[in-house]
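Observations on chain architecture
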Amino acid sequence: MPDSLLPPVAVADMIQFHVLTAFPPHNVNRDEDGRPKTCQLGGVMRGRISSQAKKRALRFAPHFPTAQRATRTREAGIHTFLKLTAAGIDTTSAVWAALAVNHATGGGGKPPKAEDAQAIAAPDQKKQSDAYKKKEKAITDMMEKQGLDRAAAEQEWLTGQVRTEQGLVISTREFARIEEGIAHLTAAWAADRDGFPAVLEGWVRQVCKESLLTRADHDLDTALFGRMVAADADFNVEAACAVGHAFTTHRFAVEGDYFSAGEELKVLGGTGAAITGYAFFGGGVYYQHAVLDRGHLRTTLSRGRSAEEAERLTVQAVDTFLTGLLFSQPRGKCNSHASDVAASYVLATRGGDPALNLGLAFLDPVKATEDVTDLMCASIRRLTDFHRDLTAAYSLGNAVCVLNAYPPARGNDAPRAPEVWTVEELRRFVQGRGA
């Protein structure tokens, strides 16, 4: 359905989240040197957890439906090549099919021809072509440097030739179409090998013309987090959510940890260590901003579905996103620190106000004071005061709900609106079932 005929996006369906989470010593998201990621804000160093790490944690959380998770990969062609060769199909045909899959899932370039596959799989040895020389040199180098035999080296080289240059996002439905193509070609090979070349040529022509990608029936993954297809913008999906980098509300310090494990076999009778190493960690209260455009999410999920199914999936997607935002953290060094935590405080708004990151509330880093020695309580106070002042300054009108899951910050025997003390009450608000 053309975008102009889709239901208009309801601006009031914009949901904003301002989340405070206290992490114990951890290294859930590290840089290239193995240290916790950091950033500069307000002239001081803060701990940082990247938005990419948080979104991956959301996608791979236990509650995220596997059947709705897209695949980010450079290896769809390799997957195709290995399955076809395992079925006995000749190498050149398998390479051609793999190149077609890459092209049909957004790999770019011109549709592959039979001679392209031939130049990779079986270049002309008699003519000593450039393709032949390149392949032989690469295989010889692998045999010498990696200790591989000829067959293993050639297999590894071939898989490298059918890997895409950039990573592609392939939805569950689209990956199913790849599997259907593999099954179709495998069956054709088993039924009539003499007629197989014609079947393969027809299949390659079809998928390269029609694409294996879809413009409709998106899964929750692509609807929530979007995708970019550089080779064909018609298959782009604009993300329905935005997730900011989380950063500490206060000054952050990276600490080092020298560790060792004692020698336990003690054949030589010594007392030294069998294992030694150096690791890094940090801890603190992190602020994270996230925005979910429910109207846009529903528009994306409406393509190719009934209104009832689209609404059901939208409700599921919103709940999945909220649950992940509260409970799903990056898993870096999780076995070393057991640092899994849930959000302590969530200020959520729903309505037509512009999306505003409240991280500027912490431009001046939070510090312990005489009356507030708890950095979480101090961060909650700073966030709520900043939001109140910003609401007044810009005459903002969003509905507000606050989940306070941090008992030291609760000042009453029972919550007072807009504060709630249970996740279920926050869920009802986010889904539009409560003010």
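Each remark here, short or long, concerns the structure printed above.
Summarised in this report is the structure supplied together with it. (Residues numbered from 1 in each chain as written. Predicted model: local features only at pLDDT ≥ 70, side-chain atom pairs only at ≥ 80, totals over all residues. Heavy atoms only, no water.)

As for its position among the elements, R350 is in strand β10 (residues 345–351). One buried charged residue, R350, remains without a salt bridge, the closest side chain of opposite sign being D13 at 6.5 Å. Only 2.4 Å separates the side chain of R350 from the backbone oxygen of F429, close enough to count as a polar contact. (Helix = DSSP H or I, 4+ residues; strand = E, 2+ residues; numbered from the N terminus. Buried < 20%, exposed > 50% of the residue type's maximum accessible area, 1.4 Å probe, protein only. Lys, Arg positive; Asp, Glu negative; His and termini not counted. Salt bridge = Lys/Arg side-chain N within 4 Å of Asp/Glu carboxyl O. Polar contact = N/O pair within 3.5 Å; in protein donor to acceptor, adjacent residues only side chain to side chain.)

Glancing now at the environment of G47. Within the fold, G47 resides in strand β3 (residues 44–49). G47 sits 159 residues away from Q206 along the chain, and the two C-alpha atoms are 51 Å apart. Contacts of G47, omitting those with residues within four sequence positions, involve K37, T38, A246, F247, T248, F252 and Y286. (Contact = heavy atoms within 4.5 Å.)

This next bit is on the packing of helix α10 (residues 294–302) against helix α11 (residues 307–327). In contact at an axis separation of 9 Å, α10 and α11 are set at 135 degrees when each is read in the N-to-C sense. It follows that α10 is oblique to α11 by the angle criterion. As for the relative orientation of α10 and α11, their crossing is right-handed in sense. Within the contact between the two elements, α10 uses R294, L297, R298, L301 and S302 and α11 uses A307, A310, E311, L313, T314, V315, A317 and V318. (Axes fitted to C-alpha atoms, helices over the stretch in contact; angles between N-to-C directions. Parallel < 35°, antiparallel > 145°, perpendicular 65-115°, else oblique. Left-handed = near helix turned anticlockwise from the far one by under 90°.)

At a closest axis distance of 10 Å, the pairing of helix α2 (residues 76–86) and helix α7 (residues 172–191) adopts a crossing angle of 25 degrees. The angle between the axes of α2 and α7 places the two elements in the roughly parallel class. As α2 packs across α7, the resulting crossing turns out to be right-handed. Contacts from A76, H79, T80, K83 and L84 of α2 reach α7 at F175, I178, E179, I182, L185 and T186. Residue classes in the contact of α2 with α7 are distributed as 6 nonpolar, 3 polar and 2 charged. (Nonpolar A, V, L, I, M, F, W, Y, C, P; charged D, E, K, R; others polar.)

Let us look at the nonpolar core. V95, I178, L200 and W203 are the most contacted members of the largest nonpolar core, which has 38 residues in total. Of all the secondary structure elements, the ones that give two or more residues to this core are α2, α3 (91–107), α4 (114–121), α5 (130–146), α6 (150–161), β5 (168–170), α7 and α8 (196–210). Of the residues forming this core, the biggest block, 9 residues, is contributed by α3. Beyond its immediate sequence surroundings of up to four residues, W203 is in contact with A97, A100, V101, G181, H184 and L185. (Core = buried A, V, L, I, M, F, W, Y, C linked by side-chain atoms within 4.5 Å.)

Per the stated rule, a full pass over the model turns up 6 aromatic pairs. Relative to Y286, the ring of F23 lies with its centre 5.3 Å away and its plane at 75 degrees, an arrangement referred to as edge-to-face. Taken as a pair, F23 in strand β1 (residues 14–26) and Y286 in strand β9 (residues 273–293) lie far apart in primary sequence, 263 residues in all. Accessibility classification places F23 together with Y286 in one group, the buried group. Summarising the aromatic geometry, the rings of Y278 and F280 are spaced 5.5 Å apart at their centres and angled 70 degrees between planes, so their arrangement reads as edge-to-face. Note on Y278: relative accessible area 53%, which makes it exposed. Owing to a relative accessible area of 16%, F280 belongs among the buried residues under this scheme. Chaining the aromatic ring pairs together yields one cluster made of F247, Y287 and F362. The ring of F235 has R215 sitting right over it, with the charged end atom 4.2 Å from the ring centre. (Phe/Tyr/Trp six-rings, centres within 6.5 Å; stacked < 30°, edge-to-face > 60°. Lys NZ or Arg CZ within 6 Å of the ring centre and 35° of its normal.)

Read these as spatial facts, not as claims about activity.
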